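Residue-level structural notes
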Amino acid sequence: QVQLVESGGGLVQAGGSLRLSCAASGSPLRINAINAMGWYRQAPGKQRELVAAISTGGSANYADSVKGRFTISRDNTQNTVYLQMNSLKPEDTAVYYCHVMVVLGINWDYWGQGTQVTVSS
């Protein structure tokens, strides 16, 4: 199994910044098989959506709504993924979930417990 522990959420005013972190731990076999890492978010009444994802090699992709404002990065030595969020807007308010994909013959998806990000106007 893989456990994901998120931190860094909170309340911020519009235009402010937050940095989310997500540390993965668990069986060495699965930790060493982590492939993509990413962040999703879910606002009230809406479906969960991809915010950003990053491959083991560092290639990143972003939702159009956050391009130029958010930056995803990862530290493979610490099995940690980060999301730097700048120029936050009220519409960024959501629960943010960390996600990792473990590739061991088949793909295994693991999710964090979620961290609330609230942006006030």
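Residues numbered from 1 in each chain as written. Predicted model: local features only at pLDDT ≥ 70, side-chain atom pairs only at ≥ 80, totals over all residues. Heavy atoms only, no water.

**A look at the environment of glutamine 116**
Of note, glutamine 116 is situated in strand S11 (residues 115-120). When the C-alpha atoms of glutamine 116 and glycine 9 are compared, they prove to be 5.4 Å apart, with 107 residues separating the residues in sequence. In contact with glutamine 116, other than residues within four places in its own chain, are Gly9, Gly10, Thr93, Ala94 and Val95. Separated by 3.4 Å, the side chain of glutamine 116 and the backbone oxygen of alanine 94 make a polar contact. (Helix = DSSP H or I, 4+ residues; strand = E, 2+ residues; numbered from the N terminus. Contact = heavy atoms within 4.5 Å. Polar contact = N/O pair within 3.5 Å; in protein donor to acceptor, adjacent residues only side chain to side chain.)

**A look at the packing of aromatic side chains**
This structure, assessed with the given rule, holds one aromatic pair. Look at tyrosine 40 and tryptophan 111: their rings are 5.0 Å apart centre to centre, the planes differ by 70°, and that puts the pair in the edge-to-face class. Of this pair, tyrosine 40 sits in strand S4 (residues 34-42) while tryptophan 111 sits in strand S10 (residues 106-111); the two residues are 71 residues apart in sequence, bridging distant segments of the chain. (Phe/Tyr/Trp six-rings, centres within 6.5 Å; stacked < 30°, edge-to-face > 60°.)

**Quick notes on the sheet that holds strand S7 (residues 70-75)**
Strand pairing in a sheet takes place through backbone hydrogen bonds and is either antiparallel or parallel in direction. Reading across the sheet, the four strands line up as S1-S3-S8-S7 and stay open at both edges, with antiparallel pairing between neighbours. Of all the strands in the sheet, just strand S1 (2-7) and S7 have a single pairing partner and so form its edges. Strand-to-strand, the axes of this sheet are offset by a mean angle of 15°, without reference to chain direction. Across six bridges, the pairing between S1 and strand S3 (residues 18-26) is antiparallel. When the sheet's bridge partners are listed, glutamine 3 is paired in S3 with serine 25. (Pairing = 2+ DSSP bridges. Axes fitted to C-alpha atoms, helices over the stretch in contact; angles between N-to-C directions.)

**A few points about the pattern of salt bridges**
Pairing between side chains of opposite charge can happen when the charged atoms of each approach one another. Per the stated rule, a full pass over the model turns up four salt bridges. A salt bridge links aspartate 92 to arginine 41; the nearest nitrogen and oxygen atoms lie 3.0 Å apart. Here the residue aspartate 92 occupies a position in the loop between strand S8 (80-85) and strand S9 (94-104), and arginine 41 occupies one in strand S4, the gap between them amounting to 51 residues. Take aspartate 92 and arginine 41: they sit in the same class, and that class is buried. Across the pair aspartate 92 and arginine 69 runs a salt bridge, and its minimum N-O distance is 2.7 Å. Residue aspartate 92 is located in the loop between S8 and S9, and its partner arginine 69 is located in the loop between strand S6 (60-62) and S7; the two are separated by 23 residues in the primary sequence. Assessed through its relative accessible area of 10%, arginine 69 is described here as buried. The structure contains a network of salt bridges with shared partners spanning Arg41, Glu49, Arg69 and Asp92. (Salt bridge = Lys/Arg side-chain N within 4 Å of Asp/Glu carboxyl O. Buried < 20%, exposed > 50% of the residue type's maximum accessible area, 1.4 Å probe, protein only.)

**Quick word on the pairing of S9**
Where S4 and S9 come together, seven bridges link them in antiparallel fashion. Across the sheet, residue glycine 38 finds its bridge partner in S9, namely histidine 99. Bridge analysis of S9 against S11 gives three bridges, and the strand direction is antiparallel. Within the sheet, the bridge partner assigned to tyrosine 96 lies in S11 and is threonine 115. Pairing of S9 with S10 involves six bridges; the strand directions are antiparallel. Residue histidine 99 lies in a different strand from S10, and its bridge partner there is tryptophan 111. Once S9 ends, the chain turns through one residue before running back antiparallel as S10, passing glycine 105 with a positive phi of about 80°.

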